[in-house]
Amino acid sequence: MNFLPSPVELGAPEPFHSWREGQEEALAEALATDKRFVALSLPTGAGKTLIYMIMALMEEGRTAVVTSTKALQQQLQGDFNFLRDIRGKNNYPCLELGEGGEHYDPRAPRMDRNCDAGPCLDDFKCVHRDEGCSYFDAYKSALKSKIPLTNYSYWMSSYYYSEGLGEFDQLVLDEAHKADGELAGFFHTELAPTDLALTRFTRPTTLDPLEWRKWAKNGIEAIPKKGVPAIEKFKTKLSRVKGMDSSWVVDEQDGMFTFDPRTPRKLATHLFAGIDKVILVSATVRPKTCDLLGIDSDDLLFYEADSLFPASNRKLVHIPTIRVNYKTTPSELRVWVARIDQIVDRRKDRKGILHTVSYKRARFFAEHSRHKDILITHGSRDTAQKIKKFKKASAPRLLVSPATTTGYDFPGDQVRYQILGKIAFPDNRSKIMQARCEDDKELTNYLAMQELVQSCGRGVRSEDDWCENFIVDDNWVWFKNAAKKFAPSWFIRACGSARTVPDARYLKVFRGI
């Protein structure tokens, strides 16, 4: 029985006229605690967005909603029209640089006509800044809004480089399983040879972060306060290098210098911005996620809801094949291809996805599979285009992709089976990842499990949806036990194994198709 007023009565838009199972319980837990941090592990179908939106509407003060991608910003704004969206200046066209503007240059690429390259960066008194500028109008609207919406990059930039979006009582971190990566990514800095040429100071001859910090400080002081956009972007990079401490990792590859915080949790204050209540929401947020952000367990409420989707509709089955890693030989990969072909053989009446983790492995499969006639592959530049083609295509089709583990949904007949060709362990070849894994022996397994759970979630988007999931990497045998604490319990309960490829007929009987 519902014990709260309906969502509409609490301020939600008309489509949200009733509560889903479990929403009120999660909301009540989050509202009742006096702890600063609330982590809500809410699986797909739990209605996590409505829960934190109601928390924002019930709060007397302001709530900032931060999510991971511009596409999610667009989706949230479409569902909740009271949100005021704000993004980086490069998302807004500059009237002065556009046709008819005083600084219009017809030879300039369209991407160089946005507000991040506007003449106001160089002391130009723009008549549109007070009213009419697409960026500053959006910024002022967000500044006045009770619930502004933005992405991680803009959120941290706004407080790191300026005064931010004002005072808040609550902060919602949507897609919170990505928050630690977003934090590390914000401070990651690259200096190319063209950047280094913009300062007259000779760069340090070592990779000592303190030497580079001193160099950056001198470089900022030597550059004029205002300058062309390229100079302003360079100064932004220098400001991050200037903020390093001795624990940062500096690396150099082919003349490109990179700077990364070894321990991003030290910088989490730039994410939390001193806000009294921080709500972390995701289908796969774990206590480990909070630990990576430096959140003290004594100041954390962790709430995990069970999945409303039957385990039989989203089962993950391991089929013995080979261990897939960088040592895998071409002959072993042919065994891998043959096993995947066996799975496809029995599912020629439907569409599926093969997650390969790497483009190299995707190409190998495409070259050696018996099912070349039904494959859809893509490169790094045409992912969205090929996914759109796959969604519209009729069965049988198999999308072979290293890039669809997150950010894309395939409900219903768009995908009825997925094959996980490899456990997506992070690439540990970089100096910074080696340092972080040296400090945290659990990090590799945590990141791989996050990716695995997200991958399996692409094909089941509602309670009556279903999708078979298969894993053909024998690393699963040890990985499941080693990393199960980094997965929601509802996911682990849906995991199983089979000696051979299961026949697909049981799903046809189960769903009557």
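Use the structure listed above.
Caption draft 1: Structural view of the overall build of the protein chain. A count of helical and extended segments in the protein chain gives 19 helices and 17 strands. In summary, the protein chain has a C-alpha radius of gyration of 25 Å against a globular reference of 24 Å for 513 residues, a match within 12%. With the C-alpha coordinates aligned to their principal axes, the bounding extent of the protein chain is approximately 70 × 60 × 50 Å. With 513 residues in all, the protein chain has 50% of them scored as buried. Put simply, 74% of the contacts in the protein chain that link residues at least 6 apart link residues at least 24 apart. Here the protein chain displays about 24,400 Å² of accessible surface, and carbon together with sulfur accounts for 50% of that area. Across the protein chain, the 75 positively charged side chains and the 69 negatively charged ones have centroids separated by 6 Å.

Caption draft 2: Representation of the packing of helix H16 (residues 443–456) against helix H17 (residues 476–483). Remark: H16 packs on H17, axes separated minimally by 10 Å, with the N-to-C direction vectors making an angle of 105 degrees. Relative to H17, the element H16 lies roughly perpendicular. In this structure, H16 contributes Asn445, Ala448, Met449 and Leu452 to the contact, and H17 contributes Trp476, Trp478, Phe479, Ala482 and Ala483.

Caption draft 3: Local environment of a negative patch on the surface. A contiguous patch of negative charge, built from Glu21, Glu25, Glu29, Glu463 and Asp464, is present on the exposed surface. Classification of Asp464 by relative accessible area gives exposed; the value is 56%.

Caption draft 4: Main features of the pairing of strand E12 (residues 351–355). Burial analysis of E12 places five of its five residues in the buried class, the great majority of the element. Both faces of E12 are covered, namely the face carrying Lys351, Ile353 and His355 and the face carrying Gly352 and Leu354. Note: E12 against strand E14 (residues 397–401), five bridges, orientation parallel. Following the sheet pairing, Gly352 is matched in E14 by Leu398. Both E12 and strand E15 (residues 417–420) contribute to a ladder of four bridges, which runs parallel.

Caption draft 5: Representation of the pairing of strand E9 (residues 277–282). Most of E9 sits inside the fold, with six of its six residues counted as buried. Alternating residues of E9 divide into Lys277, Ile279 and Val281 and Val278, Leu280 and Ser282, and every residue in both groups is buried. In terms of strand pairing, strand E1 (residues 37–41) meets E9 through five bridges, oriented parallel. When the bridges of E9 are listed, Ala39 appears paired with Leu280.

Caption draft 6: Layout of the sheet that holds strand E6 (residues 189–191). Across the sheet, three strands lie side by side as E6-E8-E7; this open sheet has antiparallel pairing. In the strand order of this sheet, the two ends are held by E6 and strand E7 (249–253), each with one partner. Adjacent strand axes in the sheet meet at a mean angle of 20 degrees when their direction is disregarded. The pairing of E7 with strand E8 (residues 256–260) spans five bridges and is classified as antiparallel. Bridge pairing in E8 places Glu252 opposite Phe257.

Caption draft 7: Focus on the side chain of His378. Examined against the element boundaries, His378 turns out to sit in the loop between strand E13 (375–377) and helix H14 (383–392). Exposure remark for His378: the relative accessible area of 9% places this residue in the buried category. Engagement of the side chain of His378 in a polar contact is seen with the side chain of Thr383, the distance being 3.3 Å. Excluding anything up to four places from it in sequence, His378 contacts Tyr359, Thr383, Lys386, Leu399, Val400, Ser401, Pro402 and Ala403.

Caption draft 8: How the structure looks around the sheet that holds E13. Spatially, E13-E14-E12-E15-E16-E11-E17 is the arrangement adopted by the seven strands of the open sheet, whose pairing is parallel. Of all strands in the sheet, those with a lone pairing partner are E13 and strand E17 (495–497), marking the two edges. If you compare each strand with its neighbour and ignore which way they point, the axes differ by 25 degrees on average. Note that strand E11 (residues 316–322) and E17 share three bridges and pair parallel. Looking at the pairing, His318 lines up with Ser497 of E17. Each of E12, E13 and E14 touches H14; the most contacted strand, E12, lies at about 150 degrees to it.

Caption draft 9: Expanded view of the side chain of Gln418. Among the structural elements, Gln418 can be located in strand E15. Apart from residues lying up to four places away in sequence, Gln418 is in contact with Ile353, His355, Ser455, Cys456, Arg458, Gly459, Cys467, Glu468, Asn469 and Phe470.

Caption draft 10: Structural context of the nonpolar core. Grouped together as the largest cluster of nonpolar side chains are 55 residues, with contacts concentrated most on Trp155, Trp212 and Leu271. Looking at this core, the element that brings in the most residues is helix H4 (residues 134–144), giving five residues. Leaving out residues up to four positions away in the same chain, Trp155 has contacts with Ala64, Val66, Thr150, Leu165, Phe168, Leu171, His270, Leu271, Ala273 and Ile275. Within the second largest apolar cluster, 28 residues are counted, among which are Ala46, Leu50, Ile54 and Ala56.

Caption draft 11: Examining helix H1 (residues 23–32) more closely. Listed as buried for H1 are Gln23, Glu24, Ala26, Leu27 and Ala30. In an axial view of H1, the angular spread of the buried residues amounts to 160 degrees, which keeps them on one side of the axis. Along its buried surface, H1 packs onto E1, helix H2 (48–58) and strand E10 (300–304).

Caption draft 12: Quick look at the pattern of salt bridges. Tallied over the full model, the rule gives 26 salt bridges. Here Asp85 makes a salt bridge to Arg87, at a shortest N to O gap of 2.8 Å. Accessibility expressed as a relative area gives 12% for Arg87, which makes it buried. Put simply, Asp439 and Arg262 hold a salt bridge, and the shortest N to O gap is 2.7 Å.

Caption draft 13: Summary view of the packing of aromatic side chains. Inspection of every chain in the model, using the stated rule, returns 25 aromatic pairs. For the pair Tyr161 and Phe186, a centre-to-centre distance of 6.3 Å together with 55 degrees between the ring planes defines the contact as tilted. On the criterion of sequence distance, the pair formed by Tyr161 in helix H5 (residues 152–161) and Phe186 in helix H6 (residues 179–187) is long-range, its members being 25 residues apart. Judged by relative accessible area, which is 35%, Tyr161 ranks as partly exposed. Phe186 sits in the buried class, given a relative accessible area of 8%. Taking 5.5 Å as the distance between ring centres and 90 degrees as the angle between the ring planes, the aromatic pair formed by Phe425 and Phe479 counts as edge-to-face. Here the residue Phe425 occupies a position in the loop between E15 and helix H15 (431–439), and Phe479 occupies one in helix H17, the gap between them amounting to 54 residues. Its relative accessible area of 21% is what places Phe425 among the partly exposed residues. Pairwise contacts between aromatic rings join Tyr160, Tyr161, Phe186, Phe187 and Trp248 into one cluster. Directly above the ring of Phe390 sits Lys351, whose terminal nitrogen or CZ lies 4.8 Å from the centroid.

About the thresholds
Residues numbered from 1 in each chain as written. Predicted model: local features only at pLDDT ≥ 70, side-chain atom pairs only at ≥ 80, totals over all residues. Heavy atoms only, no water. Helix = DSSP H or I, 4+ residues; strand = E, 2+ residues; numbered from the N terminus. Rg over C-alpha atoms; globule rule 2.2 N^0.38 Å. Buried < 20%, exposed > 50% of the residue type's maximum accessible area, 1.4 Å probe, protein only. Contact = heavy atoms within 4.5 Å. Areas by Shrake-Rupley, 256 points an atom, 1.4 Å probe, with all protein chains shown as cover. Lys, Arg positive; Asp, Glu negative; His and termini not counted. Charge placed at Lys NZ, Arg CZ, Asp CG, Glu CD. Axes fitted to C-alpha atoms, helices over the stretch in contact; angles between N-to-C directions. Parallel < 35°, antiparallel > 145°, perpendicular 65-115°, else oblique. Patch = residues over 30% accessible without salt bridge, like charges linked within 9 Å, V, L, I, M, F, W, Y side chains within 5 Å. Salt bridge = Lys/Arg side-chain N within 4 Å of Asp/Glu carboxyl O. Pairing = 2+ DSSP bridges. Polar contact = N/O pair within 3.5 Å; in protein donor to acceptor, adjacent residues only side chain to side chain. Core = buried A, V, L, I, M, F, W, Y, C linked by side-chain atoms within 4.5 Å. Arc of directions from axis to C-beta. Phe/Tyr/Trp six-rings, centres within 6.5 Å; stacked < 30°, edge-to-face > 60°. Lys NZ or Arg CZ within 6 Å of the ring centre and 35° of its normal.

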